[in-house]
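# Chains, contacts and geometry: an overview
Here are the chains, one letter per residue:
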Amino acid sequence: MNDTVMNTIAMKKHGMKKAIILAATLLISQRSLALEVFACEQEWGALAQTLGGDKVSVYVATTAMQDIHTIDARPSLIAKLRRADLVVCSGADLEVGWLPQLQRQAGNSRVQSGNGVLFAADTVSLLEKPGALDRAQGDVHPQGNPHVQFDPHRMLTVATALSARLVALDGANADGYRKNFASFKDSWEKAIARWEAAAAPLKGRNVVVQHSTFTYLLNWLGMNAVAMMEPKPGLPPTTAHLQEVLQIIKAQPVMAVMNATYQDARPSEWLSERAGIPMVSLPQSIGGDDKSTDLIAWYDNVIGLLLKVAK
């Protein structure tokens, strides 16, 4: 092989090396330009992506087909949290069984407290605050019910707080965050008006629920939960308790038996069959079923499912 050929090969290798280094540099640059957001639940991940646009990189730790109370603090979650600039979660102790452990093991000072942590429950008023704490009453949340994602008015309040937090963390892109929030607010308020008009026939209707997941939804729509399938919050339904719930259903008009799509449907099916009323499974967040593909589609789907059984 002559010197010319050798020189040509060496130049090509050098060029490839420079290209690889350039590509790596670009990736690092892109990484540094995007805020890394670690969302505990799908709804907050979607909200962060909507408000942040291309200035944020969002990772969601759970799916809508999981019980959020009982998530394993996996090494992969620790690795994601180690890189995060902002954590967005429901709060009110919903993630108390796993998020604090992740924070300790990640060793990321940015997401221990302060601007790097946003709990949705801290930005709104909560329902079902217990008058006294008694663990014998089951899995009671001391601060109140954390499932605020089912009230669109509270969701807008959370969005306001999240937008402000993005601005505080990344002032260079503040105008973009404010523009994204204004667009979201406009479309969300129009959607609320549409949902409330469509859901008018649901007002005053009675339902039986499996867990307190839907408290904010029922409160928003003016519906009533006349019984709960769980004998105590967080405890699986028992046959004896379901028999008691069945008697409650027989004593008054009840529209439907409700559970979340991630929950075991057998207790709801048992009640539905014996009481002769419909059963409806609602997605607790985006991805809870095929139609719940984004925030507005998720609410559209929930309202549609309730109206379907109401007929």
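Residues numbered from 1 in each chain as written. Predicted model: local features only at pLDDT ≥ 70, side-chain atom pairs only at ≥ 80, totals over all residues. Heavy atoms only, no water.

## Describing the side chain of D170
Inspection of the secondary structure puts D170 in the loop between α5 (152–169) and α6 (174–198). We note that D170 is buried and unpaired, the nearest opposite charge coming from K55 at a distance of 7.2 Å. Reaching out from D170, the side chain makes a polar contact with the side chain of N173 at a distance of 2.7 Å. Filtering out sequence-adjacent residues up to four positions away, D170 remains in contact with L35 and Y177. (Helix = DSSP H or I, 4+ residues; strand = E, 2+ residues; numbered from the N terminus. Buried < 20%, exposed > 50% of the residue type's maximum accessible area, 1.4 Å probe, protein only. Lys, Arg positive; Asp, Glu negative; His and termini not counted. Salt bridge = Lys/Arg side-chain N within 4 Å of Asp/Glu carboxyl O. Polar contact = N/O pair within 3.5 Å; in protein donor to acceptor, adjacent residues only side chain to side chain. Contact = heavy atoms within 4.5 Å.)

## With respect to the packing of α5 against α6
Where α5 meets α6, the closest approach of the two axes is 10 Å, and the angle between their N-to-C directions is 180°. Comparing their axes, α6 and α5 come out roughly antiparallel. Of the residues in α6, those in contact with P152, H153, M155, L156, A159, T160, S163, L166 and V167 of α5 are A174, Y177, R178, F181, F184, K185, W188, E189, I192, W195 and E196. The class makeup of the residues in the contact of α5 with α6 is 13 nonpolar, three polar and four charged. (Axes fitted to C-alpha atoms, helices over the stretch in contact; angles between N-to-C directions. Parallel < 35°, antiparallel > 145°, perpendicular 65-115°, else oblique. Nonpolar A, V, L, I, M, F, W, Y, C, P; charged D, E, K, R; others polar.)

## Structural notes on the confidence of the model for the protein chain
Per-chain confidence: the protein chain averages 91 in pLDDT, with 87% of residues scoring 70 or above. Per-residue pLDDT stays below 50 along residues 19–31; that stretch engages in three contacts with residues further than four places along the chain or on separate chains. (pLDDT = per-residue confidence, 0-100.)

## Concerning the side chain of E41
Structurally, the position occupied by E41 is in the loop between β1 (35–39) and α2 (42–52). Buried charged residue E41 carries no salt bridge. Nearest counter-charge: R74, at 12 Å.

## Focus on the pattern of salt bridges
Tallied over the full model, the rule gives eight salt bridges. R154 serves as the salt-bridge partner of D151, at 2.6 Å between the closest nitrogen and oxygen. Neither D151 nor R154 differs from the other in exposure class; each is buried.

## Details of helix α8 (residues 239–250)
Taking 1.5 Å per residue, 12 residues should reach 16 Å; α8 reaches 17 Å between its end C-alpha atoms and fits that length. Taken together, the buried positions of α8 are occupied by H241, L242, V245, L246 and I249. All buried residues of α8 fall inside an arc of 150° around its axis, so they share one side. Exposed residues pointing more than 90 degrees away from the buried face of α8 are listed as A240, E244 and K250. Buried residues along α8 sit against β5 (206–209), β6 (224–228) and α9 (266–275). (Expected span 1.5 Å × (residues − 1). Arc of directions from axis to C-beta.)

## Here we look at the sheet that holds strand β4 (residues 117–119)
What the four strands build is an open sheet, ordered β2-β1-β3-β4; its pairing is parallel. Pairing within the sheet leaves two strands with one partner each, and these edge strands are β2 (56–60) and β4. Within this sheet the neighbouring strands show an average axis-to-axis angle of 20°, counted without direction. As paired elements, β1 and β2 share five bridges and run parallel to each other. Across the sheet, E36 pairs through a bridge with S57, a residue of β2. Against the sheet, α5 touches β1, β2, β3 (86–89) and β4, its axis set at about 175° to β3. (Pairing = 2+ DSSP bridges.)

## Here's the deal with empty space enclosed by the protein
This model, assessed by the stated rule, comprises one cavity of 30 Å³ or more. Space inside the largest cavity adds up to approximately 60 Å³. Considering the residues around the largest cavity, the lining is formed by 13 residues, among which E41, E43, I68, Q149 and Q284 are closest to the centre. Class assignment of the residues belonging to the lining of the largest cavity gives a composition of three nonpolar, eight polar and two charged. (1 Å grid on protein atoms, 1.4 Å probe; cavity = no way out; pocket = protein on both sides within 12 Å on 5 of 7 lines; lining within 4 Å. Points joined across faces, edges and corners; volume = space filled by probe spheres on them.)

## A word on the pairing of β3
Here β3 shows no split at all, with L86 and V88 on one side and V87 and C89 on the other all buried. For β1 and β3, the ladder comprises three bridges, and the chain directions are parallel. Bridged to V37 within β3 is L86. Two elements, β3 and β4, share three bridges in a ladder whose sense is parallel. Within the sheet, the bridge partner assigned to V88 lies in β4 and is L118. Running through helix α4 (residues 99–106), the crossover from β3 to the neighbouring parallel element β4 is right-handed. (Right-handed = clockwise from strand over helix to strand, strands pointing away.)

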